[in-house]
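Structural overview
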Amino acid sequence: MKIAAAQIQPVKGNILKNIENHNILISAAVDHHVDMIIFPELSITGYEPELAAQLSIHYEDSVLDIFQKTADENNIHITVGMPTKSDDRLCISSIIFQPERKREVYSKRNLFPTETSVFSKGDSFCQLEIAQNKISLAICYDLSDPLHSQEAHQIGSNIYTASVLNSVNGIDEDLIKLSNIAAKYHMHVVMANFIGESGGYECAGQSSLWSKNGSLLGQLNSQNKGIIILDTDNEQVEKIYIN
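Cut-offs and rules
- Along each chain, residues carry numbers from 1 onward, in the same order as the chain's sequence is written.
- Under the rules for a predicted model, residues below a pLDDT of 70 receive no local features and side-chain atom pairs below 80 are neither given nor counted, while totals for whole chains, interfaces and linings still include all residues.
- Derived side-chain values reflect all non-hydrogen atoms in the structure, with water molecules and hydrogen atoms excluded from consideration.
- As a rule, the C-alpha atoms of each element are fitted with a line to give its axis, helices using only the stretch in contact, and angles between N-to-C directions run from 0 to 180 degrees.
- Think of it this way: any DSSP run of H or I at least four residues long counts as a helix, any run of E at least two long counts as a strand, and we number them from the N terminus.
- These descriptions rest on fixed angle ranges, namely under 35 degrees for roughly parallel, over 145 for roughly antiparallel, 65 to 115 for roughly perpendicular, and the rest for oblique.
- Residue contacts follow a heavy-atom distance rule, with two residues in contact if any of their heavy atoms lie within 4.5 Å.
- For each residue, the accessible area found with a 1.4 Å probe, counting protein chains only, is set against the maximum for its type, and the residue is called buried under 20%, exposed over 50%, and partly exposed in between.
- Here a polar contact is recorded for every N or O atom pair within 3.5 Å, except that within protein the pair must consist of a potential hydrogen donor and a potential acceptor, and residues adjacent in sequence are included only if both atoms are side-chain atoms.
- Should DSSP find at least two bridges between two strands, the strands are taken to pair.

Between helix 1 (residues 15-31) and helix 3 (residues 65-74), the least distance of the axes is 11 Å, while the angle of their chain directions is 10°. With respect to helix 3, the axis of helix 1 lies roughly parallel. Between helix 1, through Ile 19, His 22, Asn 23, Ile 26 and Val 30, and helix 3, the contact on the second element is made entirely by Ile 66, Phe 67, Thr 70 and Asn 74.

Mapped onto the secondary structure, Ser 149 falls in helix 4 (residues 146-154). Residue Ser 149 is classed as buried on the basis of its relative accessible area of 4%. A distance of 3.4 Å separates the side chain of Ser 149 from the backbone oxygen of Pro 146, its partner in a polar contact.

Below, the discussion takes up unusual backbone geometry. Backbone geometry places Asp 87, a non-glycine residue, at a positive phi of 55°. Within the fold, Asp 87 resides in the loop between strand 3 (77-86) and strand 4 (89-97). One non-glycine residue with positive phi stands out, namely Cys 140, at about 45°. Within the element layout of this structure, Cys 140 appears in the loop between strand 7 (133-139) and helix 4.

To continue, consider the sheet that holds strand 4. Taken together, 7 strands build an open sheet; the order of strands is 5-4-3-2-1-14-15 and the sheet is mixed. With partners counted over all chains shown, the strands left at the sheet margins are strand 5 (104-107) and strand 15 (236-242), one partner each. Pairs of neighbouring strands in the sheet enclose a mean axial angle of 30°, with direction left out of account. Taken together, the 3 bridges between strand 2 (residues 36-38) and strand 3 define a ladder with parallel strand orientation. Looking across to strand 3, one finds that Met 36 is bridged to His 77. Against the sheet, helix 1 contacts strand 1 (2-7), strand 2, strand 3, strand 14 (225-231) and strand 15, and its axis sits at roughly 40° relative to strand 14. Here helix 3 sits on the sheet and contacts strand 3 and strand 4; the angle it forms with strand 3, its principal contact strand, is near 155°.

Below is the structure:
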C-alpha cells in the first residue's frame with residue numbers, strides 16, 4: 001500500500017481555512033494513488049489548547065463531511081486532527097474517514113503534562129486494516145509510552161503512525177523514539193508534523209518515514225508544506241512539496 005504523511009502550516013483556530021489546506025494535500029495524495037494519508041495532531045484547528053473547548057465538535061459533525069465525500073469518491077483513507085467533545089469530556093482526537101464506511105475516532109491516550117488540565121484521556125486503541133495491512137494510530141505523546149507501541153505489536157500491526165506537534169526543541173528525541181519503535185517491532189513507522197508556529201511552539205516539520213529495521217527512509221524539510229509517501233511493498237519514497 002501507499003501511505004502518506006501530510007506536513008502543513010496550521011492557521012490558528014480557522015477550521016474552514018485549515019480544511020481547505022487539507023484538501024490541497026489530499027488532492028496531491030489522490031493524484032499519486034495513495035491509500036491512506038495522515039495529518040498532524042489537531043491539524044484542523046492547530047495545536048491551541050486554550051481554544052480547544054470552543055472549537056471542539058462531536059466527531060460526526062457535518063463540518064468534516066467533505067473528507068468522507070473525498071474518501072468515498074477516491075478510495076482513500078484520511079485521518080485528521082481535531083478537539084472532540086463527548087458528554088463532559090474534551091479529547092485530542094484523530095478522526096478517521098474510510099471509503100463507504102462510518103467514520104471513526106481515536107482519542108489520545110497519553111497526555112503531555114501540560115495537557116491534563118484541559119483534556120481527558122482516550123480509553124481505546126485504534127487499529128485499521130487497509131490493503132492487508134494493519135495500521136495503529138498514535139497521537140504525539142502516545143509514542144513516548146512504551147506500552148502503546150507494544151500493544152500495536154501485540155495485536156499484529158505492521159504500520160505505526162504518529163500524528164504530532166513536534167517543536168524544534170523536541171524533534172530529535174522523538175525521531176530516535178520512532179526509529180527505535182520501527183526496529184524493535186519490525187513495523188514501518190510514519191510521522192506527520194507541522195511547520196510554522198502553533199500553540200506557542202516553533203514547529204520542526206521533518207515529517208518522516210522509517211523502514212522495518214528502523215532506518216530513516218525519507219524526510220521532508222522543516223520549511224515547506226507537502227506530503228511524503230511510502231510504498232510499503234518496495235519501500236520507495238516520494239516527496240511532493242506544495243507552494
